[in-house]
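What follows is each chain in one-letter form.
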Amino acid sequence: MRITKALGFAALALTTNYAHANTLNIDSATDWGNGHASYPASNTIDGSLAWASRWAASGSPVNLQLNLDSVQNVTEVGISWGKGGDQTHTFEIWARAATSGDWTKVYDSVSTGSTSSIEVYDIDDIQAQQVRVKTFSNSAGSNWTNIKEVELYGSGGNDADGELSVSRAFDDGTGHANYPASKAIDDNTAWSSRWAAEAGGSAVNLTLELDEAKEVKDVAVAWGQGNSRTHTFEIYARPSTSGAWTKVHDSVSSGNSTSLEVYDVTDTTARQVRIKAQSNSAGSDWMNITEVKLYGADDDVGSGNDIPSIITDGSLFDLEGDNPHPLVNSKTLAFVPLETKYTTSGGGGWRHEYKIKTSERKAMYSTYETFSATYKMDLSNGAKTIVAQTHGSTISTLMKVYVADSSESGFIDSVANNGIFDVYVRLRGTDGNEVKTALGTITSGGSFDLSMVNNYGTMTITAFGVSAQLKVENDEATYLKFGNYMQSQDPVTREECGTRGDSDSWAECFEEFGITTSKATVTDVSYTSNH
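Computed from a predicted model, the values in this text were never measured in an experiment.

**What about the environment of M377?**
So, step 1. Among the secondary structure elements, M377 is positioned in strand β21 (residues 368-379).
So, step 2. Taking the relative accessible area as the measure of exposure, M377 reaches 0% and is therefore buried.
So, step 3. For the pair M377 and F421, spaced 44 residues apart in the sequence, the C-alpha separation amounts to 9.6 Å.
So, step 4. Filtering out sequence-adjacent residues up to four positions away, M377 remains in contact with T385, V387, V403, I442, T443, S444, G445, G446, F448, K519 and A520.

In structure tokens form, the structure reads like this:
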């Protein structure tokens, strides 16, 4: 988990590209002697800013060494100094591209003395496997050096949280005319460049909007007068510009910094992020924020078509399971039922699906509908899921497309738990009998293209170059569903496991069968209909 960082006037002056750098995974931390046995070097990489979880060493100079597991491009170093809000520290930073040999000095400075949060220093970019913080003295004249946490930033590491580009910011109408919401995204933490809103006993909302939905992992807020008061707040997000909000964080600001404090929110796919400021410890009705930044994954995961808005805007489709929301970005849907655990009363497992709204359903023989997409399936051995289906009001299912590693006969593999997944379709004919057709096989991590055409009751399902076509039964209120509907079923006996509609029983079944992964990543989606 990422810790809260203060990127205030010190960090803003010392670094120009922190938000574009990745957090590197530090393998270990050691010192060069003089360390206190109760406060070892390993405390500086444990994710805690607590005073009790610090590295302490006596003498001058003292050296703290950070070790990466490989040579990586290091561009910045973040340090949380013990008692950093009360004293300055004189130090140097050195690095080398091996575990032995000469060191290169990449930075020397004095800490700000204004914060005990992480200060980020923009060092000379260097290829390094080891980085050393060499501390000489502090303004208190103490023989002891204390460092609570160190982070390294650059490229080549894990947990890459880049800054996301915010297209606009707006409030709920409570803002001061001279201090509009746009001030919160102008890259300026000056008091004169703040957003100000009067709560009047109620919460005020500042909303940030991206050009498209992105994965958001961290939210940074610089609170006005944040060094003299705390702020109680919540953070919400949603994947589009309308619809329900999901709370992803609630907290109280540190009260000791006007810097950007970075909050590790619940990872979410969002186009809009809202900061709901509720109160401050000064008892003032006015809430002031000088700057906000969003961090997360800025890469476009998907390719091909944008997800049709008619699927995601709530006009034609309902969503079963919105935590997390499946919309990763404008081109990608990711359905993860083991996370959403969405349960229906008659269901046989957890769902994460879109389905045609009740009010929009039509008779099968009155419907013309096409759907196509690329499915990438990440599944545990033995998993079985339905990725697309057409339901009726009186007939349970007219069409189902399965991806299954089970023993069911009649398909290409039909062997349970071997990691080879049969992809097949079941169609219910006008005589009420089901016809099943093998379409192909994949392994976990593999992809296939699926298309469906409902031509007024004649359904054609195509994948792997194989098509199944059948005139199906009519029903007065049919509806398409697609996504990832996990089946709680024994892969060998194919018997249902657990009780229908009972989420807890499915959890026990999936654990028993070792089903820990179920993700359908859906891209290049196309949909048309006469709805």
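**Points about helix α4 (residues 503-513)**
So, step 1. All buried positions along α4 are accounted for by S503, S505, W506, C509, F510 and F513. End-on view of α4: buried residues confined to an arc of 155°, all on one side of the axis. Set apart from the buried face of α4 by more than 90 degrees, the exposed residues are D504, E508, E511 and E512.
So, step 2. The elements touched by buried residues of α4 are α3 (337-340) and β29 (479-486).
So, step 3. Two or three places before D504, at the start of α4, stands the capping residue D502, its side-chain oxygen 3.2 Å from that residue's backbone nitrogen.
So, step 4. Just past α4, the residue G514 takes up positive phi, approximately 75°.

**Some thoughts on the environment of N305**
So, step 1. Mapped onto the fold, N305 is located in the loop between β16 (286-297) and α2 (309-312).
So, step 2. Between the alpha carbons of N305 and K331 there is a distance of 6.2 Å; along the sequence they are 26 residues apart.
So, step 3. Apart from the residues lying within four places of it in its own chain, the contact partners of N305 are K331, D524, V525 and S526.

**Concerning the packing of aromatic side chains**
So, step 1. This model, assessed by the stated rule, comprises 20 aromatic pairs.
So, step 2. Both rings, one in F317 and one in F482, keep their centres 6.2 Å apart while their planes meet at 80°; by these two values the pair is edge-to-face. Here F317 is found in strand β17 (residues 317-320), whereas its partner F482 is found in strand β29, with 165 residues between them in sequence.
So, step 3. Residue F482 is classed as buried on the basis of its relative accessible area, which comes to 0%.

**Digging into a negative patch on the surface**
So, step 1. Among the surface-exposed residues, D502, D504, E508 and E511 lie close enough to one another that they form a single negatively charged patch.
So, step 2. Within the secondary structure, E508 is located in helix α4.

**Some details on the pairing of strand β22 (residues 384-391)**
Each regular strand displays side chains that alternate between the two surfaces of the sheet.
So, step 1. Here β22 lies mainly inside the structure; eight of its eight residues are buried.
So, step 2. Summarising the sheet, β22 and strand β23 (residues 397-404) pair through seven bridges and their orientation is antiparallel. Note that in β23 the partner of I386 across the bridge is Y402.
So, step 3. The antiparallel hairpin formed by β22 and β23 contains five residues in its connecting segment.
So, step 4. Where β22 lies against β29, six bridges are found, and the strand directions are antiparallel. Within the sheet, the bridge partner assigned to I386 lies in β29 and is Y485.

**Observations concerning the state of the cysteines**
So, step 1. Inspection of the entire model under this criterion finds one disulfide.
So, step 2. There is a disulfide in this structure between C497 and C509, and the S-S distance comes to 2.0 Å. An S-S torsion of about -85° defines the bridge between C497 and C509 as left-handed. With C497 in the loop between β29 and α4 and C509 in helix α4, this residue pair connects regions lying 12 residues apart in the sequence.

Thresholds, definitions, all that
- Residues numbered from 1 in each chain as written.
- Predicted model: local features only at pLDDT ≥ 70, side-chain atom pairs only at ≥ 80, totals over all residues.
- Heavy atoms only, no water.
- Helix = DSSP H or I, 4+ residues; strand = E, 2+ residues; numbered from the N terminus.
- Buried < 20%, exposed > 50% of the residue type's maximum accessible area, 1.4 Å probe, protein only.
- Contact = heavy atoms within 4.5 Å.
- Arc of directions from axis to C-beta.
- Polar contact = N/O pair within 3.5 Å; in protein donor to acceptor, adjacent residues only side chain to side chain.
- Phe/Tyr/Trp six-rings, centres within 6.5 Å; stacked < 30°, edge-to-face > 60°.
- Patch = residues over 30% accessible without salt bridge, like charges linked within 9 Å, V, L, I, M, F, W, Y side chains within 5 Å.
- Areas by Shrake-Rupley, 256 points an atom, 1.4 Å probe, with all protein chains shown as cover.
- Salt bridge = Lys/Arg side-chain N within 4 Å of Asp/Glu carboxyl O.
- Lys, Arg positive; Asp, Glu negative; His and termini not counted.
- Charge placed at Lys NZ, Arg CZ, Asp CG, Glu CD.
- Pairing = 2+ DSSP bridges.
- Disulfide = S-S within 2.5 Å.

Geometric values such as these leave the question of function open.
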